[in-house]
Amino acid sequence: MNDMMIGSASRLGRRALFTGAAAGGLVVGFGRPPEALAVGPLGAAHQGAMTGGAAPGATVAAAPVTTATVNVWVVIGSDESVKIYGAGAEMGQGIISGMAQVLAEELKVAWFRVTTAQPDAAPKYDHPVSHRRFTGGSNNIRSWFQPLLKIGATAREMLIAAAAIQLNEPASGLKAANGVVTSVSTGRSLTYGALAPIAAGLTPPASPPILSAASGYSLIGLPVKRPDIALKVNGNAKFGIDAMVPGMVFAAIKQCPVFGGTVAATPAVPAGAMAVVNLGNAVAVVSTESTWKAFQLARGLAVSWTIPPATRAAQDSQAMRAAANAIMANGPVTQAEKIGDLAAGMALAKNTISRTYSLPFTAHATMEVMTCTAAVTATSCEIWVPTQAPDACQAKAMALTGLTAAQVTVHSMFMGGGLGRKGETDYVVQAVTIAKQIGQPVKLTWSREEELTHDFYRPMAISKLTVGLNGSGDIVGWNNRIVSPSILARVFPAAVAGGLDSQSTDGAIGLPYTMGARFVEYGILTTPVPVGFWRSVGNSLNTFVVETAIDEAAAVAGMDPLAYRQKLLTSSPRLLGVLAKAAAMAGWGTKPAAGHARGIACRFSFGSYVAEVVEIATNAAGQVQVVRVDCAVDCGTTVNPDSVAAQMQSSIIQGLATALWGKITWQNGVADQQNFDTFRMMRMRDAPAINVQVIGSTANPPGGVGEPGLPPAAPALANAYFALTGKRVTSLPMFGGG
Amino acid sequence: MITLNVNGQTKQVNVDPATPLLWVLRDVLGLTGTKYGCGIEECGACTVWIEGGAEKTCQMRVSDAAGKPIVTIEGIASTPIGKAVQQAWIDLQVPQCGYCQSGMIMAAANLLRRTPKPTDAQIDAAMSNICACGTYTRVRAGIHRAAGQ
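The following paragraphs examine the structure supplied in this document. Everything numeric here is computed off the predicted structure, so don't read it as measured data. (Residues numbered from 1 in each chain as written. Chains lettered and ligands numbered in written order. Predicted model: local features only at pLDDT ≥ 70, side-chain atom pairs only at ≥ 80, totals over all residues. Heavy atoms only, no water.)

Our focus in this paragraph is the packing of helix 2 (residues 95-107) of chain A against helix 3 (residues 140-167) of chain A. Residue and element names in this part refer to chain A. The N-to-C vectors of helix 2 and helix 3 enclose an angle of 40°; their axes lie 7 Å apart at closest approach. Classified by the angle between their axes, helix 2 and helix 3 sit oblique to one another. Considering the relative orientation of helix 2 and helix 3, their crossing is right-handed. The residues of helix 3 that touch helix 2, namely those facing Ile-95, Gly-98, Met-99, Val-102, Leu-103, Glu-106 and Leu-107, are Asn-140, Ile-141, Trp-144, Phe-145, Leu-148, Leu-149, Ile-151, Gly-152, Ala-153, Ala-155, Arg-156 and Leu-159. (Axes fitted to C-alpha atoms, helices over the stretch in contact; angles between N-to-C directions. Helix = DSSP H or I, 4+ residues; strand = E, 2+ residues; numbered from the N terminus. Parallel < 35°, antiparallel > 145°, perpendicular 65-115°, else oblique. Left-handed = near helix turned anticlockwise from the far one by under 90°. Contact = heavy atoms within 4.5 Å.)

The next thing to look at is the sheet that holds strand 16 (residues 351-359) of chain A. All names here are of chain A. Judged by pairing direction, the sheet is mixed, and its five strands sit side by side in the order 15-23-22-21-16 without closing on themselves. The open sheet has two edge strands, strand 15 (334-339) and strand 16, and neither has a second partner. Taken pair by pair, the neighbouring strands of this sheet meet at an average axis angle of 10°, ignoring direction. Two strands pair when backbone bridges link them, and strand 15 and strand 23 (residues 517-524) are joined in this way by five bridges, in the antiparallel orientation. Opposite Thr-334, over in strand 23, you have Tyr-522 as the bridge partner. (Pairing = 2+ DSSP bridges.)

As a further point, take the environment of Gly-340 of chain A. Residues and elements named next belong to chain A. Within the fold, Gly-340 resides in the loop between strand 15 and helix 8 (342-347). Among the residues examined, Gly-340 registers a relative accessible area of 47% and is labelled partly exposed. Along the chain, Gly-340 and Val-476 lie 136 residues apart, while their C-alpha atoms are 10.0 Å from each other. (Buried < 20%, exposed > 50% of the residue type's maximum accessible area, 1.4 Å probe, protein only.)

Attention shifts here to the packing of helix 9 (residues 390-401) of chain A against helix 10 (residues 426-438) of chain A. For any two helices packed against each other, the geometry is given by the interaxial angle and the distance between the axes. Residues and elements named next belong to chain A. Where helix 9 meets helix 10, the closest approach of the two axes is 10 Å, and the angle between their N-to-C directions is 35°. In terms of crossing hand, the pair formed by helix 9 and helix 10 is right-handed. Contacts between helix 9 and helix 10 pair Cys-393, Lys-396, Ala-397, Leu-400 and Thr-401 from the former with Val-428, Val-429, Val-432, Thr-433 and Lys-436 from the latter. Considered class by class, the residues forming the contact of helix 9 with helix 10 number six nonpolar, two polar and two charged. (Nonpolar A, V, L, I, M, F, W, Y, C, P; charged D, E, K, R; others polar.)

Moving on to the nonpolar core. Ranked by internal contacts, the top residues of the largest apolar core, which has 203 residues, are Ile-434 and Trp-478 of chain A together with Trp-89 of chain B. The element best represented in this core is helix 16 (residues 641-661) of chain A, accounting for 10 residues. When neighbours within four sequence positions are excluded, Ile-434 of chain A is seen to be in contact with Ala-251, Val-277, Leu-279, Ala-284, Val-286, Val-442 and Leu-444 of chain A. (Core = buried A, V, L, I, M, F, W, Y, C linked by side-chain atoms within 4.5 Å.)

What follows deals with the sheet that holds strand 18 (residues 381-385) of chain A. Residues and elements named next belong to chain A. Strand order in the open sheet formed by seven strands is 12-13-10-20-17-18-19, with mixed pairing between adjacent strands. Across the chains shown, the open sheet's two edge strands, defined by having one partner strand only, are strand 12 (275-278) and strand 19 (408-412). Here the strands of the sheet are splayed against their neighbours by 20° on average, with no regard to which way each runs. Taken together, the six bridges between strand 10 (residues 249-255) and strand 13 (residues 282-287) define a ladder with antiparallel strand orientation. Bridging from a neighbouring strand, Phe-250 pairs with Ser-287 of strand 13.

Here you go:
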């Protein structure tokens, strides 16, 4: 969720194997190389069956297929199938497909032959430069784009070298295309399926292969079908919660409702339970029957907690807001940005706008709850887990078991949503601890109530912003003070030694608008509630503040909100580009239907530029209904425009739902929202029509797409609300007493 | 022993009769396509067909489903409308994480067999499933596509 990434042990010093050196080998079997360990029928389906374009229920030929591992990422079958491993973690964003698409571009294979899989945690699958494997910060396509091109090209060159041997011709006279190597002079050709066993035994080329010019891309940029989708329409996709291993039992968890509380005494094993495991701040109950039985037993378990009274009192929304207000008023705060002289700038102001904005804590609420299956013996630990951080899971399991990396296997399962939450490892630590203690494979599944009350929440924030405008409406002074809990204070304390958290100020400093003096400060609010990376992180907080304030400045300046932004964004042609496109799509400047109004906002984040126009209306019940959203995104080089559009749609829905209703509040240590009856999610009847246009160019490198669609949604909605009602939204959520 | 009729097959299960059907499908029969999302009939991830209707199963006692024909996501391709919905979902690349989509497809196919050409208002009324990935635009388009609209 951030560019710094969290939680993963560095693997500096280990040699990257992405060129395929020492990784070749010939495998005979049914399409599974050794690194894709079998986990019964589950493993075969999960690892082997993501076939591009396959119809639901398609059957696989029964005849054995010989496969050859050209390098650790590419396994080619005698049936011409091409299996590509993706180091990303699939949580809905289509990353495995997208990474395979980049690799396949240089490998020169037809997409319909491509299947994809997520490899187990191992150094050979780490990024060749960072030596890590973590999915977050909308980072995978950005960081892996060039390595994947090289991996694909290297494999291609090895297949060409194999053909040179077979055809007894120099490689320079051979061309690869569509999974076939052809002699330019004789026209003789050999398929990759035939060549792969030979290529697998060759040494990778010493010099880096030549890559295609972007203008020559034949696969990158196409809206190809994701191989995993076919599995997601017939129940065959195996998510973390679906793991099933022989001898497995079922665990549920009861965590101390107050953060920082501990188990006072291990409860007795209740009737019907197999075991109770004391996890320090939680108790796990194990059932041999079902997850439901474990849920029931956990719910009914009376646990005595040790909770310091002050901790309970501090886990309270009013108390936390009061603490934030005190820091806002009295500090301590740290300077985050200073440009020019604020007092001199403000002295030029004819009008000032001063507002205090507030945003709540909110939850990730992934549809799949936290879950992990673990099997631990004296010499092995095997984990099946939906995770954004397979390396970190492995490291945690090693620490808990005392086993070596080679003894700890981490199978990455499909995630039923990640959104930053599944970059944490709390649920993995719990499952491994339980499995170790009971000596039996166990699947831990949290209830929804545990998930919503034990998140690493998006931080709350308050922001006091004063904007000074001169007689022409130009911004002459910008003074923002932000108070918010720090995520990095938990995961990277050293990064906040100077009092600043780059995540908390992301979206609040370095703004693209032309301004006079700027002065931005940040103060860390310490709360008992743990905070974590939530889609777009600081941008989801600060962009609401900035884009709402810019809208208000436009109104004070007497200018149209689009025209005002265009006036102040002269140094950002790509933001101007998406603004113009989204505005054109929405019919900005034309009169909305009676009772309708539009708002606009934009933001550059995670390497991509996004503008959104939100149109709202009041429905028959007098409630605000989001009618339509028009979105333009410039993410530079675009791998799969349909996946980009899907991520914009997804981010817009989450951004709107969060602005409308999203919050977790506490009273004296108890969360007010514990399930979807009180934590409101968007549903079909609430969802607007969404139009997306992807306008990236290969002249620019790829930008991230998982998160940048989210930040503009809330302010565009709030600005539409102002246009409709004349009321400024300064506190989120808009509805539900935020 | 409770006798279940799932996807045309007869299954005997030896479980607490109070166990919700969802967990019998998942943990006992290994039909993991049907998902747990909330346990309180809010999200619809656990939707299957029972006796011709789409039902949430996270609170339905397995004993109440005994003997009744049950169709899960694993079996829906055997119905023409189920197959059409699945194909529309692939054509339009509806799923993202895919976790809620089993329930979404069961609900959509159930709507279509009752209302072959649903309006947007009918879709709004019938589809209460929660999708945290926000696939609603494509779910709506997928329903229209499966309807041949």
